[in-house]
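Here is how the chains run, residue by residue.
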Amino acid sequence: MTEREAIITDAAQSVIVAQGLAGASMAAIAQEAGMSKRTLYEVFESRAALFASLVRRIRDTVTRPLTVAELDLPLAARLRLLLTPTGEKFFDPLPLAVLRAVIAEAERQPELVREFMQEGPYALRDMVRVELDRSVARGEIRISDTVAAACLLADMAHESVLDHLLVPQPACGRQAAYDRRLDLAIRVFLGGIGEVE
């Protein structure tokens, strides 16, 4: 991400947290960034492209690609690393603000919903699927449908959206609960989805 992209994405984040998605016009974001709307459109071709950049930033706090050295770890350890959020995810108000905004604006702004799903949940599932495909190719596990299996594991690892939206919980409590849930999800998944070699 270039410096200008980061400044604009930071501005979009501030505007969305303060005013919601409805208030996050390109004009409002430009003003927050201290730039002209024209500059914003030179960097991001559309509001949807800017929103996708913001969702990618959020996704990067929820998951991360494995390093070359980590690819040699056992499958359970690789899945844990892939699905372990950074500590700041639990303290950052942005993911919750964006999720609420997407739900509120879904009918009026379907293109933003598409960007959110593509750069968020679908991208996470794709990362898990790639790791499962690698494990199948190595003979570590037998799974006939890695796409469905990746969706299942991603859904098992993350709490219900309703719980996240409606039941406030301190960040430290959410982090501990997530760690317990992820451990259980990986054990149940590997014990039930296929034969681990």
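Above this text you will find the structure in question.
Predicted model only: the values in this text are computed from it and were never measured. (Residues numbered from 1 in each chain as written. Predicted model: local features only at pLDDT ≥ 70, side-chain atom pairs only at ≥ 80, totals over all residues. Heavy atoms only, no water.)

### Considerations on the side chain of T39
Move 1: Considering the arrangement of structural elements, one finds T39 in helix α3 (residues 37–43).
Move 2: In this structure T39 comes out as buried when scored by relative accessible area, which is 17%.
Move 3: Within the local environment of T39, its side chain forms a polar contact with the side chain of S36, the two groups lying 2.9 Å apart. (Helix = DSSP H or I, 4+ residues; strand = E, 2+ residues; numbered from the N terminus. Buried < 20%, exposed > 50% of the residue type's maximum accessible area, 1.4 Å probe, protein only. Polar contact = N/O pair within 3.5 Å; in protein donor to acceptor, adjacent residues only side chain to side chain.)

### Concerning the packing of helix α5 (residues 75–83) against helix α8 (residues 121–138)
Move 1: Interaxial distance between α5 and α8 falls to 11 Å at its minimum, and their mutual angle equals 165°. Compared by their axis directions, α5 and α8 come out roughly antiparallel. Pair α5 / α8 crosses with right-handed handedness. Residues L75, R78, L79, L82 and L83 of α5 form the contact with α8, whose own contacting residues are L124, M127, V128, E131, L132, S135 and R138.
Move 2: Classifying every residue of the contact of α5 with α8 gives eight nonpolar, one polar and three charged. (Axes fitted to C-alpha atoms, helices over the stretch in contact; angles between N-to-C directions. Parallel < 35°, antiparallel > 145°, perpendicular 65-115°, else oblique. Left-handed = near helix turned anticlockwise from the far one by under 90°. Contact = heavy atoms within 4.5 Å. Nonpolar A, V, L, I, M, F, W, Y, C, P; charged D, E, K, R; others polar.)

### Description of the environment of P65
Move 1: Position of P65 relative to the elements: it lies in the loop between α4 (47–62) and α5.
Move 2: Overall, the relative accessible area of 59% leaves P65 in the exposed class.
Move 3: For the pair formed by P65 and M127, sequence separation is 62 residues and the distance between their alpha carbons is 7.4 Å.
Move 4: The contact partners of P65, leaving out residues within four places of it in the chain, are E70 and M127.

### Overview of the packing of helix α1 (residues 3–19) against helix α2 (residues 26–33)
Move 1: The N-to-C vectors of α1 and α2 enclose an angle of 115°; their axes lie 8 Å apart at closest approach. Like other packed secondary-structure pairs, α1 and α2 cross with a definite hand, here right-handed. Where α1 abuts α2, its residues I7, I8, A11, A12, S14 and V15 lie against A28, I29, E32 and A33.
Move 2: Split by residue class, the contact of α1 with α2 holds eight nonpolar, one polar and one charged.

Honestly, it's all geometry; don't read function into it.
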